[in-house]
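Read off the chains here:
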2 protein chains.
Amino acid sequence: MPPSDSIVASLNSIVGADAVLTRAEDLIPYSFDGTAALKVRPSAVVFPRTTAQVADCVRLAAASGTPIVTRGSGTGLSGGSVPSHDCLVLCLTQMDAILDVDPRNLTLRAQPGAITMRIDEAAATHGLFYPPDPGSQRISTIGGNVAENSGGLRGLKYGVTRDYVMGLEVVLADGRIARLGSACVKDVAGYSLKDLFVGSEGTLGIITEVLLKLVPRPAARRTMLALYDSIEDAADTVSAIVAARIIPCTLEFLDRMTAGCVEDYAHVGLPTDCEAVLLMETDGHPAAVVDEAARMEVIARAHRARDVRTARDEAEGLQLAAARRNAFAALARRRPTTILEDVTVPRSELATMVRFIADTAAAFNLQIGTFGHMGDGNLHPTFLTDERNADEMGRVHQALDAIVHRTLELGGTITGEHGVGLAKKPWLRQQMGDASFDLMRQVKGALDPMGLLNPGKIFD
Amino acid sequence: MPPSDSIVASLNSIVGADAVLTRAEDLIPYSFDGTAALKVRPSAVVFPRTTAQVADCVRLAAASGTPIVTRGSGTGLSGGSVPSHDCLVLCLTQMDAILDVDPRNLTLRAQPGAITMRIDEAAATHGLFYPPDPGSQRISTIGGNVAENSGGLRGLKYGVTRDYVMGLEVVLADGRIARLGSACVKDVAGYSLKDLFVGSEGTLGIITEVLLKLVPRPAARRTMLALYDSIEDAADTVSAIVAARIIPCTLEFLDRMTAGCVEDYAHVGLPTDCEAVLLMETDGHPAAVVDEAARMEVIARAHRARDVRTARDEAEGLQLAAARRNAFAALARRRPTTILEDVTVPRSELATMVRFIADTAAAFNLQIGTFGHMGDGNLHPTFLTDERNADEMGRVHQALDAIVHRTLELGGTITGEHGVGLAKKPWLRQQMGDASFDLMRQVKGALDPMGLLNPGKIFD
């Protein structure tokens, strides 16, 4: 349903007519995000440029009972920014300024539409580092990262987006503007509301500014590839590295299908005939890096790595890491529809889980390429399928259900870094338990009593 | 008011008569915590041994409208565990088991009454490390640490308690038991309710189990003392170390009065004639430690350190750190009443803040010893006073108000690690702003609609 003329007039007066889209063909690009097979046409899209404009839009929506879905670049993989019916989409890509880098306090302030990689580039000009690096970092926005609590390839050593959010400015459901957190590295004044908003997927408020923590940029880095004839050997290598008290920045896994697709796509010299590839990176003090790399190589070989290759230099290391980042795109070329999963288990259950995924693919006669952040227990089994084939999609859903249930049996989570959105709603209550699930709804009810912020995401 | 016979009978049947205290003289030790001048007699104290007993006590209290105040060892410094009138105190010191250490997943599970230092000792038997080390770690309980989001001496490099809480079991206001978080290092399934409970000071639920993250124990450590004739030089050294991209595990500051009191108390060879002492520790890979220590010494000398001494060995390093831990006890011997403050500012404002505290002491003719976690911007100006002297206490409150207001002007927080409790309530709304403050109350109203959990703490 198109918005009423009076609402369009109000939106025009808030953000300017050139920042309001209402024609059907203009709305199409804002009808979906990075999640396969989820599309809903919004009633309008607006592009605010200031916090005050966001607040005005929210007040207008609240007054007319219009749902609001906030989005940035739309790279989400759980449907978190897919519109709801007749909603107003607030697209924050125009609020993309990096406002301030403070090397004395190791902080960076940015608007929500700033591209993730630009954040780290701004930090780098001061010798500083913003570690969270979701796969989509070249196009994803920091606001979306905070709303989804995005992870990335460096989670094992450096943690996830939450670990770098010191403060937020948010517009609440009633249009009020709240500042959460502070520039102090220690702050226990009241509930940690910023932590409630991080990962709340746009359901509690709209992030209009972020204050991020930076860390010193590591002085050295070394990248290695270890090649295996058995997936279990790769998983056991990861466990053994952690058991040896080594916390590398990256321990990424690619199975045979993923490595093959990546090599076809990126031509970086990945082997296509081994069952598992581990991409291992250590960073920090140069002496520590040399030492850890040597110990990791010994551990990999002790776990039957067929070969361990060390990148000649930083450039080759970056090339290998970039190739791994392309795993999703590389897999997506094989079949019309790509469904990227995000199950995560305690590290000790990795080998069990990887094997279960492979067995499930065989049992349901499906193509599943698996890669992921093995050091975090975070796996991305990726279904290569075709949404036009009803029979195959039926098997995909059965296989997915089996994988998620096995994950929960192993003490895992239905989503390690992509969020619940629409895609993971069916299993959330089972994971959380009734008491926690109800608690979450109580919080939502208290903060958004009209239920207008990203309705239907996380829970109904 | 003593509890009714029927409530006492019910409590006896839940936890056993030997775990219920109701006689006036037995209640005295549970009438206060570590905060000066705050005492309220509870109506009864119970010592549950299981989560089920906690839940039964909460249901009983809810049915009778009895407020509940949860406590551990009572070391809190903001009045967070001081009873409210006619409340039931749940003292969880009997639930003190360390349930499990899992070296494969780097986790430790414990009951809330486990002593903080025992947690790290249990980790150490596996070569692992639980870094948060509040000053009271020898007697404080982990449940209290989580409820207050306690800091410590290692916050600069290792963060605070929140950074190590992966999961919680909590009893909610209606007696239901909820599990929050998981053993996965990445988990974005639903709101991060555990983060809402960390630091909520017992006002949202009762923590009955904690799942903690551990890290590898650092292989090497070096401890140094730098001595200064000017407080500003010490503060500038801290800024310069961070600006040089060095993140030591500890950068502690003691002013002349504190250093003198500590030396009187502990006899570790601290100088008593310099204006500022910095205790600096670096840990990690042996080569990195040697390198960082050398660079820190150069920076300290470049900022006019009169002398820089390096501990001969681990034992001397531990002795120096232990002496610093005794700062509060050492200062407390000087005058009858010790009021320990906890203001925190962005690191760049440290020198300004330290100078302001000294000037305020002079202006109000008061004794204030200042020490604290300078690397975190977290200062503990400590008033040495006498609560029986009404005139002096009036000046203490005026000086405290001036210090807190200056802190807020500098973008700081009214509490870095001690919590709001009763002591910091007057300034919380000013720090948070109306919208955030109201948001916090909305959350409290949703989770504890009867207002029975630690009433009057954080806000009225």
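Conventions adopted
- Residues numbered from 1 in each chain as written.
- Chains lettered and ligands numbered in written order.
- Predicted model: local features only at pLDDT ≥ 70, side-chain atom pairs only at ≥ 80, totals over all residues.
- Heavy atoms only, no water.
- Helix = DSSP H or I, 4+ residues; strand = E, 2+ residues; numbered from the N terminus.
- Rg over C-alpha atoms; globule rule 2.2 N^0.38 Å.
- Contact = heavy atoms within 4.5 Å.
- Lys, Arg positive; Asp, Glu negative; His and termini not counted.
- Charge placed at Lys NZ, Arg CZ, Asp CG, Glu CD.
- Least-squares fit on C-alpha atoms with pLDDT ≥ 70 in both.
- Phe/Tyr/Trp six-rings, centres within 6.5 Å; stacked < 30°, edge-to-face > 60°.
- Buried < 20%, exposed > 50% of the residue type's maximum accessible area, 1.4 Å probe, protein only.
- Lys NZ or Arg CZ within 6 Å of the ring centre and 35° of its normal.
- pLDDT = per-residue confidence, 0-100.
- Pairing = 2+ DSSP bridges.
- Axes fitted to C-alpha atoms, helices over the stretch in contact; angles between N-to-C directions.
- Parallel < 35°, antiparallel > 145°, perpendicular 65-115°, else oblique.
- Nonpolar A, V, L, I, M, F, W, Y, C, P; charged D, E, K, R; others polar.
- Expected span 1.5 Å × (residues − 1).
- Core = buried A, V, L, I, M, F, W, Y, C linked by side-chain atoms within 4.5 Å.
- Buried area = accessible area lost by both parts, 1.4 Å probe.
- Salt bridge = Lys/Arg side-chain N within 4 Å of Asp/Glu carboxyl O.
- Polar contact = N/O pair within 3.5 Å; in protein donor to acceptor, adjacent residues only side chain to side chain.

## A short note on the overall build of chain A
The secondary structure content of chain A amounts to 16 helices and 18 strands. In summary, chain A has a C-alpha radius of gyration of 22 Å against a globular reference of 23 Å for 460 residues, a match within 12%. Along the three orthogonal principal directions, the C-alpha set of chain A runs to about 70 × 60 × 45 Å. The long-range share in chain A, meaning contacts at least 24 apart out of those at least 6 apart in sequence, stands at 71%. The averaged location of the 56 negative side-chain charges in chain A is 2 Å from the averaged location of its 45 positive side-chain charges.

## Here we look at the relation of the copies chain B and chain A
Taken as rigid bodies, chain B and chain A are interconverted by a rotation of 180 degrees and an axial shift of 0.0 Å, the fit giving an RMSD of 0.0 Å. When the rotation and shift are considered jointly, the pair of chain copies conforms to a two-fold rotation axis. Of the interface residues in chain B, 99% have counterparts in chain A that sit at the interface too, so the contact is made through matching surfaces.

## Topic: the packing of aromatic side chains
Applying the stated criterion across every chain, the model contains ten aromatic pairs over all chains. With centroids separated by 5.9 Å and ring planes inclined at 75 degrees, the aromatic side chains of Y130(A) and Y164(A) adopt a geometry described as edge-to-face. Taken together, the residues Y130(A) in the loop between strand 7 (128-129) and helix 5 (142-148) and Y164(A) in the loop between helix 6 (155-158) and strand 8 (165-171) connect sequence positions 34 residues apart. With 5.3 Å between their ring centres and 90 degrees between their planes, F129(B) and Y158(B) make a pair best called edge-to-face. A residue pair is termed long-range when its members are at least 10 positions apart, and F129(B) in strand 7 (residues 128-129) and Y158(B) in helix 6 (residues 155-158) qualify at 29 residues. The residues F129(B) and Y158(B) share a single accessibility class, namely buried. Here the aromatic residues Y191(A), F437(B) and F459(B) are joined through ring pairs into a cluster of three or more. When the ring centre of Y164(A) is taken as reference, the NZ or CZ atom of K213(A) above it lies at 5.5 Å.

## Let's talk about the confidence of the model for chain A
In the predicted model, chain A carries a mean pLDDT of 95, and the fraction of residues at 70 or more is 100%. Model confidence for the complex is summarised by a pTM of 0.97, with the ipTM given as 0.96.

## Points about the sheet that holds strand 16 (residues 337-340) of chain B
Residues and elements named next belong to chain B. Pairing is antiparallel in the open sheet, where seven strands are placed in the order 15-12-14-13-17-18-16. Edge positions in the open sheet fall to strand 15 (307-310) and strand 16, since each of these has one partner strand only. Averaged over neighbouring strand pairs, the angle between their axes works out to 15 degrees when direction is ignored. Sheet topology places strand 17 (residues 367-373) next to strand 18 (residues 378-385); seven bridges connect them, and they run antiparallel. Bridge pairing in strand 18 links G372 to L379.

## Some thoughts on the packing of helix 15 (residues 425-432) of chain B against helix 16 (residues 434-447) of chain B
Residue and element names in this part refer to chain B. Across the interface, helix 15 lies against helix 16 with an axial gap of 6 Å and an inter-helix angle of 120 degrees. Considered as vectors, helix 15 and helix 16 are oriented oblique to each other. Two secondary-structure elements touch here, helix 15 through L428, R429 and M432 and helix 16 through D434, S436, F437, D438 and M440. For the contact of helix 15 with helix 16, a count of residues per class yields four nonpolar, one polar and three charged.

## Concerning helix 8 (residues 231-243) of chain B
All names here are of chain B. In this model, helix 8 (13 residues) spans 18 Å end to end at C-alpha, consistent with the 18 Å of a helix rising 1.5 Å per residue. Among the residues of helix 8, I231, D233, A234, A235, T237, V238, A240, I241 and V242 are the ones counted as buried. Residues of helix 8 that are buried make contact with strand 12 (220-228), strand 13 (250-255), strand 14 (276-284), helix 10 (286-302) and helix 13 (350-363). Following helix 8 by one or two positions, R245 has its phi on the positive side, about 65 degrees.

## Observations regarding the sheet that holds strand 8 (residues 165-171) of chain B
All names here are of chain B. Sheet architecture is open: five strands sit in the order 5-6-10-8-9, paired in antiparallel fashion. Of all the strands in the sheet, the pair left with one neighbour each is strand 5 (98-102) and strand 9 (177-181). For this sheet the average axis-to-axis angle between neighbouring strands, irrespective of direction, equals 15 degrees. Across four bridges, the pairing between strand 5 and strand 6 (residues 107-110) is antiparallel. Following the sheet pairing, D102 is matched in strand 6 by T107. Contacts from helix 3 (residues 51-64) reach strand 8, strand 9 and strand 10 (206-213), with the element oriented near 50 degrees to strand 8.

## Remarks on helix 11 (residues 314-325) of chain A
Between the first and last C-alpha of helix 11 of chain A there are 16 Å, a value that for twelve residues agrees with the 16 Å anticipated at 1.5 Å per step. Here helix 11 of chain A has its buried residues at E316(A), G317(A), L320(A), A321(A), A323(A), R324(A) and R325(A).

## What to know about the nonpolar core
Counting residues in each nonpolar core, the largest one holds 186 residues, and the members touching the most others are L196(A), F197(A), L196(B) and F197(B). Aside from chain neighbours lying at most four places away, what touches L196(B) is Y191(A), L196(A), V443(A), L204(B), V443(B) and L447(B).

## Quick notes on unusual backbone geometry
Glycine aside, residues mostly have negative phi angles, and peptide bonds mostly take the trans form. Residue and element names in this part refer to chain A. Here the phi dihedral of D86 falls at roughly 60 degrees; this positive angle occurs in a residue that is not glycine. For D86, the position within the fold is in the loop between strand 3 (68-71) and strand 4 (88-91). A relative accessible area of 31% means that D86 is categorised as partly exposed. If you check the backbone angles, R304 has positive phi at about 65 degrees while not being a glycine. With respect to the secondary-structure elements, R304 resides in the loop between helix 10 (286-302) and strand 15 (307-310).

## Things to note about the interface of chain B and chain A
Contacts between the two partners involve 80 residues from chain B and, on the opposite side, 79 residues from chain A. Taken together, both faces of the contact between chain B and chain A bury some 6,100 Å²; the carbon and sulfur share is 63%. Put simply, chain B and chain A have eight salt bridges between them. In this structure, K186(A) engages E417(B) in a salt bridge whose closest nitrogen and oxygen atoms are separated by 2.9 Å. For the pair chain B and chain A, the interface holds 26 residue pairs in polar contact (both at pLDDT 80 or more). Elements that contribute at least two residues to the side of chain B that touches chain A include exactly strand 9, helix 7 (193-197), helix 10, helix 15 and helix 16 of chain B.

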